[in-house]
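# Architecture and fold: a report
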Amino acid sequence: MAQVVLENVYKSFQTGRGSKSGSDESAISPTAVLRRIHLTVRDGEFMVLVGPSGCGKSTLLRLIAGLEDVTAGNILVGDRLVNGLPPNQRDIAMVFQSYALYPHMTVYENLAFGLRRATTADTATDRNGRKRAVAIACASARIAPPVDLASTARTLPAWAEAVLVSATRSLPKRWRYLSAQEQAIAQRVQAVAQMLQIETLLERLPKQLSGGQKQRVALGRAMARNPQVFLMDEPLSNLDAKLRNETRAQIVSLQRTLGTTTIYVTHDQTEAMTMGDRIAVLNAGQIQQIATPLELYNRPANQFVAEFIGSPPMNFLPVQVQSPLLISHPKFRMTLPASWEPALRRYSGRALTLGIRPEHINISLPAPKNLSVRVKRLEALGSETYLTVGFTDGENGTLLQARVEPDRSVTLGDDLWLSLMPDKIHLFDPTTGEAIAEY
Ligand code: ATP
């Protein structure tokens, strides 16, 4: 296993149509897709890259995999600089949203294919190639108890194995001779299939599998190779909600068992929050914050992260700082906890953006510190109810979302008073969007 380090990575693509003669250079211009990316994924860590569509998540993953070249900066896997290495020399396995299974191969062959390629590549470069090839094929003792590789590899000389393989190729499967390498591959495929509960599917073709089963095969193919790093690009997007939840839990538990460093791309913040040891939030090609799920939720570094993490998203209201602890909005005024005093001293008289999550708003009683609102929309989910409310005398059409207990009797058009939990308030600088730290 290994850590993955990205040092000041930049990526630009040439975009535009250009002219056929090539003389119109202005028509092609480099577009920066990733900028100043510094990221360290620790050995064995599950890191999630999350961000809106087009922010550069897949490009970042493709740079690590070696499917794209960096424009500037360094990528290290373990302590090896891999910038110049082709994908197959980076010891990384990638799982895509589209599964990318070979349609004409059975599940078994799909799982074995990567192992054969790895062993072939290795034999070409190693004097003791055959023995080492077998070793690689059953490399992970954590998945499959290793066979006695040395003795397996010694059973017959290579030329004799080749003769036997060729002579028995047309016999029924159980009579065919398997080379030592194929035996090791078979053992490894079985172990991975058992772990992913797809043993009964090994003889099927991909078209005979459900989406969830295909995804497990794609995961198995990556696992079988026992790489140093797994890269996963939205691997659950094609699954329905129930299967998505199940497979999500399965991936997390597999990753914990294997301890393989994993970088997982998603645009779904719930997926990010439930899967990642840490999450890197990206926007417009730049990392906004890298932190644990709860740290991102409790202490977002800026307004973008605050809005992106949490569902429904955080509400924002413009406020004015009257004195270090008093903030006012045209519709309410409230005193903040004393812990804000040092941070707000230099903002006296200035405009700030107040952030409050729907779950930190309560139905309350009339008071100057509370918000007088009318219910515009109501979503009763059974376990909780979400209200969309506007100020009763229509403050610029501002809408807020609040979460209330499901047994609260609220109906559309009701007038309510809402209170904001003072110790759950976030404040942001409206010009930079940066969060103001509470201490
Ligand atoms: P999504 O969640 O929609 O897959 P993403 O965050 O993974 O999005 P990328 O696929 O990394 O985003 O794309 C980032 C930006 O780079 C996009 O604006 C995209 O149009 C651009 N881009 C990606 N590949 C190329 C390319 N080969 N040439 C030019 N621009 C590209």
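Small disclaimer: the values here were computed from a predicted structure and weren't measured.

## Digging into the overall build of the protein chain
- Secondary structure summary: the protein chain contains 12 helices and 20 strands in total.
- For the protein chain, the residues scored as buried account for 34% of the 439 residues in total.

## Re the pairing of strand β13 (residues 332-335)
- Burial along β13 is one-sided: the face carrying Phe 332 and Met 334 is buried and the face carrying Arg 333 and Thr 335 is not.
- When strand β12 (residues 326-329) meets β13, the two strands line up antiparallel, connected through 4 bridges. Paired with His 329 across the two strands is Phe 332, which belongs to β13.
- Counting the residues that bridge the hairpin from β12 to β13 gives 2 residues.

## Structural notes on the nonpolar core
- Membership of the largest hydrophobic core comes to 92 residues, with the highest contact counts inside it found for Ile 64, Leu 231 and Ile 263.
- A total of 7 residues in this core trace back to one element, the largest contributor, which is helix α6 (residues 180-195).
- If sequence neighbours within four positions are ignored, Leu 231 has contacts with Leu 61, Ile 64, Ala 65, Ile 92, Met 94 and Ile 263.

## Structural notes on helix α1 (residues 57-65)
- Buried within α1 are the following residues: Lys 57, Leu 60, Leu 61, Leu 63 and Ile 64. Take α1 and look down its axis: the buried residues cluster within an arc of 155°, on one side only.
- One or two residues past the end of α1 sits Gly 66, with phi positive at roughly 90°.

## Focus on α6
- Given a rise of 1.5 Å per residue, 16 residues ought to cover 22 Å, and the 23 Å separating the end C-alpha atoms of α6 matches this to within 8%.
- Downstream of α6 by one or two residues, Gln 197 has phi in the positive range, about 55°.

## Considerations on the confidence of the model for the protein chain
- Overall, the predicted model of the protein chain reaches an average pLDDT of 85, with 87% of residues at or above 70.
- Residue range residues 121-154 is modelled with pLDDT below 50. Its contacts to residues more than four positions away, or to other chains, number 53 contacts.

## Describing unusual backbone geometry
- For the bond from Ser 311 to Pro 312, the omega torsion is -5°, close enough to zero to count as cis.
- Tracing the chain through its elements places Pro 312 in the loop between α11 (303-308) and β11 (315-323).
- In this structure, Arg 36 takes a positive phi of about 45° despite not being glycine.
- Residue position: Arg 36 is located in strand β2 (residues 29-41).
- The backbone of Ala 284 shows a phi angle near 45°, a positive value even though the residue is not glycine.
- Position of Ala 284 relative to the elements: it lies in the loop between β9 (278-283) and β10 (286-291).

## So, the sheet that holds strand β8 (residues 261-266)
- If you walk across this open sheet you meet the 6 strands as β6-β7-β8-β3-β9-β10, and the pairing is mixed. Only two strands of the sheet have a single neighbouring strand rather than two, namely β6 (92-95) and β10. Each neighbouring strand pair of the sheet contributes to a mean axis angle of 20°, computed without reference to strand direction.
- Two elements, β9 and β10, share 5 bridges in a ladder whose sense is antiparallel. Directly across from Val 281, in β10, lies its bridge partner Gln 289.

## Quick look at the site of the ligand
- Around the ligand, the structure places Phe 13, Thr 15, Val 33, Gly 51, Ser 53, Gly 54, Cys 55, Gly 56, Lys 57, Ser 58, Thr 59 and His 267.
- Of all the secondary-structure elements, those providing two or more residues to the shell around the ligand are β1 (4-15) and α1.
- A class-by-class count of the residues in the shell around the ligand yields 3 nonpolar, 8 polar and 1 charged.

## Description of the sheet that holds strand β14 (residues 351-356)
- A sheet is described by the order of its strands in space; here 5 strands give the open sequence β13-β12-β11-β14-β20, paired in antiparallel fashion. Looking along the sheet, the strands with just one partner apiece sit at the ends: β13 and β20 (426-428). Between one strand axis and the next, the sheet turns by 35° as a mean value, whatever way the strands run.
- Of the strand pairs in this sheet, β14 and β20 are connected by 3 bridges, and their pairing is antiparallel. Its bridge partner lying in β20, Leu 354 is registered against Leu 427.

## A word on the environment of Asn 238
- Here Asn 238 shows up in the loop between β7 (229-233) and α8 (241-258).
- Linking Asn 238 and Gln 97, residues 141 residues apart in sequence, is a C-alpha distance of 7.0 Å.
- Here Asn 238 is in contact with Gln 97 and Gly 211, once residues within four sequence places are set aside.

## Quick look at the packing of α6 against helix α7 (residues 211-224)
- Contact pair α6 / α7: the axes reach a minimum separation of 10 Å and the direction vectors enclose 135°. Compared by their axis directions, α6 and α7 come out oblique. Crossing hand, α6 versus α7: right-handed. Residue-level inspection shows Arg 188, Val 189, Val 192 and Ala 193 of α6 in contact with α7, the latter providing Gly 220, Met 223 and Ala 224.
- Split by residue class, the contact of α6 with α7 holds 5 nonpolar, 1 polar and 1 charged.

## Overview of the environment of Ala 193
- Tracing the backbone shows Ala 193 in helix α6.
- When the 21 C-beta atoms within 10 Å are taken as the criterion, Ala 193 is described as buried.
- Each C-alpha atom, one on Ala 193 and one on Val 107, is 9.4 Å from the other, the two residues being 86 residues apart in sequence.
- Discounting chain neighbours no more than four positions away, the residues touching Ala 193 are Leu 111, Ile 198, Glu 199, Leu 202 and Gly 220.

## Re the packing of α7 against α8
- Between α7 and α8, the least distance of the axes is 11 Å, while the angle of their chain directions is 15°. Of the possible angle classes, the one that applies to α7 and α8 is roughly parallel. The handedness of the crossing between α7 and α8 is right-handed. Contacts from Gly 212, Gln 215, Leu 219 and Met 223 of α7 reach α8 at Leu 243, Thr 247, Ile 251 and Leu 258.
- Residue classes in the contact of α7 with α8 are distributed as 5 nonpolar, 3 polar and no charged.

Rules used throughout
Residues numbered from 1 in each chain as written. Predicted model: local features only at pLDDT ≥ 70, side-chain atom pairs only at ≥ 80, totals over all residues. Helix = DSSP H or I, 4+ residues; strand = E, 2+ residues; numbered from the N terminus. Buried ≥ 20, exposed ≤ 12 C-beta atoms within 10 Å, placed from the backbone. Pairing = 2+ DSSP bridges. Core = buried A, V, L, I, M, F, W, Y, C linked by C-beta atoms within 7 Å. Contact = placed C-beta atoms within 7 Å. Arc of directions from axis to C-beta. Expected span 1.5 Å × (residues − 1). pLDDT = per-residue confidence, 0-100. Axes fitted to C-alpha atoms, helices over the stretch in contact; angles between N-to-C directions. Near = placed C-beta within 6 Å. Nonpolar A, V, L, I, M, F, W, Y, C, P; charged D, E, K, R; others polar. Parallel < 35°, antiparallel > 145°, perpendicular 65-115°, else oblique. Left-handed = near helix turned anticlockwise from the far one by under 90°.

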